[in-house]
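Each chain is listed here by its residues.
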Amino acid sequence: MTSVESGSFWTRSKLYLDDEILIKKLLLSHDPDGRRLDSEMLLSAVENIMFYATTSSVLVSDKSIDANRKSNISNIELIGSQDSLVHTISKIAHEMLCKCPGKGDLHSRTMVLFDLLGNYRWDAKVALALAAFATSYGEFCLIMQLRPHIPLAVSVANFKQLPSDISMLKPQLKALRLLFKTMVDFTKCIIEFEGLPVTHVGPDIENLAAMKSEIYVIAYWIIRSTMACSSQITNLTAMKPEQVHVLTHQAKLHQTLLNLFKESHVDNQEVLQILFALKDDMPLKNCSTQEKLGVSELKSKVVLLLVSKPDLLPLEQLFFLVHQTYDHPHRKKVEGSYAIMWVPLSFSETWTNTEEKWFNFLSNSMPCYSVRQPWSLNSAVINFMKEEWNYGGEAIMVVLDSEGTITNLNALDMAFIWGSEAYPFSLSRENELWDGEQWTMQLMTNEIHPILTQWVEEGRNICIYGSANLDWIREFSAKMKEIKDAGVQLEMIYVGKNNPDEHVKDILITIRRELHSSLLSFTKVQLFWLRLESMRRSKSRLGNTASTDHILAEVLALLYNDDNGWAVFGKGLSTDIVRVQGGEIIQCLNLFQQWGENVAQLEFIGALRTVLKPPLVDGPCNHTEVIPYSEGLNEGNIVCQKCNRLMKKFIIYE
């Protein structure tokens, strides 16, 4: 179990060391001799090629002619080089396309290209590499676009053995264009950075060195990606008939899936059959019993397709997901109505031994269903999930209702926030749940720890606080102890900071040793922040903003708080929540002798609020507010938004 955490740490450390070694190698190849060119203009010409490569029309407008004239590379001067710009680009393109014996793997070939570009600045290196790739890609697209109209294009295409129907290459070309756009965006950043005057960069040498290191690594991955894309073009121009047949079949299956999800169905069987059971009548397994199953096992159920990498989720998140969807108190009410089906996908063409071990371990440990042999999934189905469901490596939970209709492209955050209560996990249910929520201790902490859940239900005063500053924690805890010793009931919960690290783990140990008051373990602290991050993603996905959504504003305030200390006070199910920054709360607690006498009348939260937000007017403002009834509303007090005084409560019956 613990090997996962140490493994992830080792992976991060290894990546850092790999980058250090890579940067040293890149700098050895970097030997600028004053050669210069207008990288921005060259990149504009490259973007023109890629734009017209995706436009099938042969008609050219005056506007496009003008754009081509402005970005004509004959207007770009290559200063300090004996070779012309066109010849330089041609040499780079040749190096990209020719896999000569002895050149080695993609990394080795990329480093050869860096040697070739050694005399240029970093912005020129990447711009030239993109120009070389755009030339090859443009030639390929030009032939394919002209093929239906010009016999010469047909002859050249046949000579190059290009596929007759470019539509079957749509997934590959779409992925290539998306990657290219990302490369262009990063190249613009490099051009902008390289163009900064030294005085503008500023005196912060440490940050400048870190930024330069980032530039070197980004340049490497851009040029390496152009090499990989060029290899893809080479492969397309040398396809065998059987490869063309496979691509045609995949394109047809992709279109079939697109059409299938647009149609209405009696049940979910046809959809599940095409997704998982084209080659195997028993494509699933019950992870608990290891029994082989057909898709008929999922008939009439809402199916939650958990698409992820073979290692699924960090263990603490996985345990919490299982708890929320299988052990949640609401589970009994919807027993048998939904099923989770795990669909692990590898991002490489073949599964590694490590990936298979992860799959075997997790699929033998979880209480859900799983694809029995995920490495046998049709590649068209995998590409469909990546493209149409936007699966990019982070786990998603796609929801199919009992009729096979997609009702939510990612309900994972719903599961983390509400568990089984989120059934049927549709987008409309997500909106409905948020409409009924208010910012309370229950929403913040629900199901993280049974004792904490009990405290909320009992209506206790609770203080959730966080900081990475141990001195502040000691001072704050000492002040809070004085208040508790004065007879105020108050439960304190330390949650560290967002993305808790080893330092937070050490602080938890110190709190247990010195203060004897740490309810949450490190894993539970991680779950607290996971809930908040899930709320942020869910709210943002639904189009909410902090300026118009109070819950999102409070969530963001906690997620992006500083490490110097903060505290949130609340009671039971009450919506009267007070959030205070570290310095302010210490000042406030120092004055407890002055405001503590108000606790008996206003209760602790109300008395604290009067110190933090004194009344805005001398006397009561006579403001009235009608609040619809909700569970827990009769507990605690409500503070007037106009004058910051405690409001009197009256019950109105309709």
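Residues numbered from 1 in each chain as written. Predicted model: local features only at pLDDT ≥ 70, side-chain atom pairs only at ≥ 80, totals over all residues. Heavy atoms only, no water.

A.B. asks: Just give me the short version of the packing of helix 4 (residues 85–97) against helix 6 (residues 122–146), but keep the residues and values in it.
C.D. replies: For any two helices packed against each other, the geometry comes down to the angle between their axes and how far apart the axes lie. Here helix 4 crosses helix 6 at 75°, and the two axes come no closer than 8 Å. On the basis of the axis angle, helix 4 is roughly perpendicular to helix 6. Note on element contacts: helix 6 touches helix 4 through Leu128, Ala129, Ala131, Ala132, Phe133, Thr135 and Ser136, opposite Leu85, Thr88, Ile89, Ile92, Ala93, Met96 and Leu97. Tallied by class, the residues present in the contact of helix 4 with helix 6 amount to 11 nonpolar, three polar and no charged. (Axes fitted to C-alpha atoms, helices over the stretch in contact; angles between N-to-C directions. Helix = DSSP H or I, 4+ residues; strand = E, 2+ residues; numbered from the N terminus. Parallel < 35°, antiparallel > 145°, perpendicular 65-115°, else oblique. Contact = heavy atoms within 4.5 Å. Nonpolar A, V, L, I, M, F, W, Y, C, P; charged D, E, K, R; others polar.)

A.B. asks: Can you explain the sheet that holds strand 11 (residues 578–581)? Please cite residues and give values.
C.D. replies: Pairing within the open sheet is mixed, and its four strands lie in the order 9-8-10-11. Each having just a single partner strand, strand 9 (491–494) and strand 11 make up the two edges of the open sheet. Adjacent strand axes in the sheet meet at a mean angle of 20°, parallel and antiparallel pairs treated alike. Where strand 10 (residues 566–571) meets strand 11, four bridges bridge the pair, whose relative direction is antiparallel. Opposite tryptophan 566, over in strand 11, you have glutamine 581 as the bridge partner. (Pairing = 2+ DSSP bridges.)

A.B. asks: Got a sec to walk through the sheet that holds strand 3 (residues 302–308)? Specific residues and values, please.
C.D. replies: With mixed pairing, the seven strands of this open sheet are ordered in space as 2-1-5-4-3-6-7. Of all strands in the sheet, those bounded by a partner on one side alone are strand 2 (292–293) and strand 7 (406–408). Bridge count for strand 3 against strand 6 (residues 396–400) is five bridges, and the pairing is antiparallel. When the bridges of strand 6 are listed, leucine 305 appears paired with valine 398. Here helix 14 (residues 353–363) sits on the sheet in contact with strand 1 (284–286), strand 4 (338–344) and strand 5 (369–371), set at roughly 165° to strand 4.

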